[in-house]
Structures are given as structure tokens and as C-alpha cells.
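Residue-level structure breakdown
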Amino acid sequence: MTWADLDHHGDRELAPGLVDLAVNVRAGTPPPWLRAVLRAALDDVAAYPDAGPARAAVAATHGRDPAEVLLTAGAAEAFVLVARAFTPRRAVVVHPSFTEPEAALRAAGHPVERLLLEAPAYRLREVPEDADLVVLGNPTNPTSVLHPAGEVAALARPGRVLLVDEAFADTVPGEPHSVAARRDLPGLLVVRSLTKTWGLAGLRVGYALGPPELVAALAAAQPHWPLSTPALAAAVACTAPAARAEADAAARELAAHRAALLAALPDGLVVGEPRSSFVLLRVPGGARVRAALRQRGWAVRRGDTFPGLDADHLRVAVRDPGTSRAFAADLAAILEAEEILAPMPTTTSQPAPVPEEHR
């Protein structure tokens, strides 16, 4: 695997006529009330965007001061800002995980060390003590693993930036293992996204939370007016108490839908204990199976562009039970035709070494 593979994302799997199980944006979004907010915001686009109300709304949601909030054009911009603002001596990215943080660091010329967690549980383990930048996701994309908040917090220490990607935190009912409200942990930066739950991937809405000095350093690397007026309006609306309650209800419905998917899938394919809006599978002959699924009308996310995974890994988004059952039936038929329904071993192959010039 070369580091260029890190640029692959689920939207590349899509094509007309395919059912989208490759992208983790919640189906049926944005809801009508949010569409109305976005339409109303268009009346104000002649003026430069005012981020103040959105920053205050996000701060109130997480019990923080506005100086501890940086609004970003999606979570992805926050990773780029970290790469621009800091010069880590030893950056460690916990994998398998979302690839944008590592890609941003490498693009900025920073060396990156990968800490590969072991299948099937992908439990957190110790990171090098001298790492001054540690990056992990929680819940983690693509494994759908939810790390205990205490284990995440234990990685924080003076002299280290601990970057926790919580883009999918609101897919877990009650967000019990979020550290977004923790103000006592040194160097903690939490990145959140509003694009997944609210269907705003095309609008780009996210934010970072952390100590004022870290937030200020990121802001200094950010262009003026990074979020449009409609995006700022969405940030205010989606962090309001009523919206937060709706998101939690959606998370509880998601848990039931995920259980239906897990019950329908052939035995022995699910890796770990999924807790988010997607499930990681390990399927023998994964590349052939993925191609066969496309022929039957299904788009799923290939796994081999995630460090620590290989071509036999497929990520599948959770949808309504009817869709999940239809998908599982087609998957079972493909596996039966391939005569590869036997469970896979739980070990995960290691990625090829990163070329020296990209380390």
C-alpha cells in the first residue's frame, strides 16, 4: 500500500442504479425542517458569514467556552489545519481508521507512524510514550469499534496533542464514550462532524474542540470565512436541543437497524463488535464478491485502502431492515455460488511497508 491509497473514499464506489451501502451518511436526510433552514439562509448570502452564533451554539452544546471551538468545513478541514499548525516530532495514527488525518499529515511533509490494532476486537493499546501527536477515531471508521472513554482519556498527557475523531459519536445513543466535553485533559482536540447524521456532506459542516491555545493555533492556519452562511445556519440548527434529541432518537433507531443487519448476514463474516452506522465484514475473495455485489445492484466500501485491512474486508452501511435483508440474501447467494461460506480466520494481514520517501 502506498500512501496515495489513503485518498480513496466511499463515494467512489457509487454509480447510477446501485444501492448505496458505501457511504455512511444517514439515509433520508437532510430532514424537511433542516432544508427549510438552509433555504432561509440563502436570503443572507450577500453579506460575509458571521460565525459567532454558530460558535456559541456549538460551545453551549458541549459545555465549553466559545474560545474552545473552531468551526471547520467538515471534519476533513480540521485534519488539514492540524497538519499546517503543528510540527510533530513523532506522529502516531491508530489504524485501521479514517485515512484523512494521515493523508493530511503526509501531504504537509510530516513523518507518520502507524499503530495497527489487532483483529478481531481492534482494542486500543499503548502508544509510544514520546509520541507528541496521537490520532484515533471513536467510534472508529471502518471497524465500527467504540473505544471506552477511559482508555481514550488515558492517552492524553502534557506535551502531546491527542486528536480524537468523533465524526460518528452521535450515532451511538447517549454518546457515552465521547470526550467532547472533557476540558481537564491536556492537549485534547476533538473533531466532530454534522455531515453524517444530518445529510450535509455536500455542505461541509464540522468543528474542533480543545484548549484555547490549540484552537487559536488552528485558526491561524485557516482561511477567512471557511464556512458559508448556510453551513453556519446548519451548525446552529443541528446543535439545538431539539435537534440533539432527534439525533439521539435516530441513533437508537440505528441500533435496532444494525441488529437487523447483523441477524441477516451469513455467520462468520462480521469483524468485531460494531457500534456505529456501518459494519466491517471479512469475506473470502472479497474483490470478487464486491464485483458480484455491484452486478446485483449493491455498492459497498472496499477495505484494502485502510491500513491494516486487505481486499477481503468490506464496509457496509446500516440501512433499514428491508434493505439489509435483501443485501444479506444477495451476499449469501454470491458466497454460496463461490463456495466460500466458511468463516474466515480472525487474523488480519499487514499492509506493505510505506516507501521510505513517504515516511
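Residues numbered from 1 in each chain as written. Predicted model: local features only at pLDDT ≥ 70, side-chain atom pairs only at ≥ 80, totals over all residues. Heavy atoms only, no water.

In the annotation of an unreviewed UniProt entry, the protein is listed under the name Aminotransferase and assigned to Geodermatophilus tzadiensis. Per its UniProt entry, the protein bears the Sequence similarities (unreviewed entry) comment "Belongs to the class-I pyridoxal-phosphate-dependent aminotransferase family." Recorded under Cofactor (unreviewed entry), the UniProt text for the protein is reproduced unchanged: "pyridoxal 5'-phosphate". (UniProt positions renumbered as here; feature names shortened; annotations may be inferred.)

Re the sheet that holds strand 2 (residues 69-72)
Ordered in space as 2-8-7-6-5-3-4, the seven strands form an open sheet in which the pairing is mixed. Edge positions in the open sheet fall to strand 2 and strand 4 (112-116), since each of these has one partner strand only. Taken pair by pair, the neighbouring strands of this sheet meet at an average axis angle of 20 degrees, ignoring direction. Sheet analysis places strand 5 (residues 133-137) next to strand 6 (residues 161-165), joined by five bridges and oriented parallel. Bridge pairing in strand 6 links Leu133 to Val161. Relative to the sheet, helix 7 (residues 212-220) contacts strand 2, strand 6, strand 7 (188-193) and strand 8 (206-209), its axis offset from that of strand 2 by approximately 30 degrees. (Pairing = 2+ DSSP bridges. Helix = DSSP H or I, 4+ residues; strand = E, 2+ residues; numbered from the N terminus. Axes fitted to C-alpha atoms, helices over the stretch in contact; angles between N-to-C directions. Contact = heavy atoms within 4.5 Å.)

Observations concerning the pattern of salt bridges
Inspection of the entire model under this criterion finds 20 salt bridges. A salt bridge links Glu102 to Arg106; the shortest N-O distance between them is 2.7 Å. In this pair, Glu102 and Arg106 are both assigned in helix 4 (residues 100-107), four residues apart and thus about one turn of the helix distant. Judged by its relative accessible area of 0%, Glu102 falls in the buried class. The buried category is assigned to Arg106, whose relative accessible area is 8%. A salt bridge links Glu102 to Arg114; the shortest N-O distance between them is 2.9 Å. Of this pair, Glu102 sits in helix 4 while Arg114 sits in strand 4, and the two are 12 residues apart along the sequence. Note on accessibility: Glu102 and Arg114 belong to one class, buried. The network of salt bridges with common partners includes Glu166, Glu175, Arg192 and Arg244. (Salt bridge = Lys/Arg side-chain N within 4 Å of Asp/Glu carboxyl O. Buried < 20%, exposed > 50% of the residue type's maximum accessible area, 1.4 Å probe, protein only.)

Here's the deal with helix 9 (residues 241-264)
The end-to-end C-alpha distance of helix 9 is 35 Å, a good match for the 34 Å that 24 residues give at a rise of 1.5 Å each. Burial in helix 9 covers these residues: Ala243, Ala247, Ala250, Ala251, Leu254, His257, Arg258 and Leu261. Looking at the buried positions of helix 9, the neighbouring elements they touch are helix 1 (32-41), helix 6 (195-198), helix 8 (229-238), strand 9 (278-282), strand 11 (313-317) and helix 11 (321-338). (Expected span 1.5 Å × (residues − 1).)

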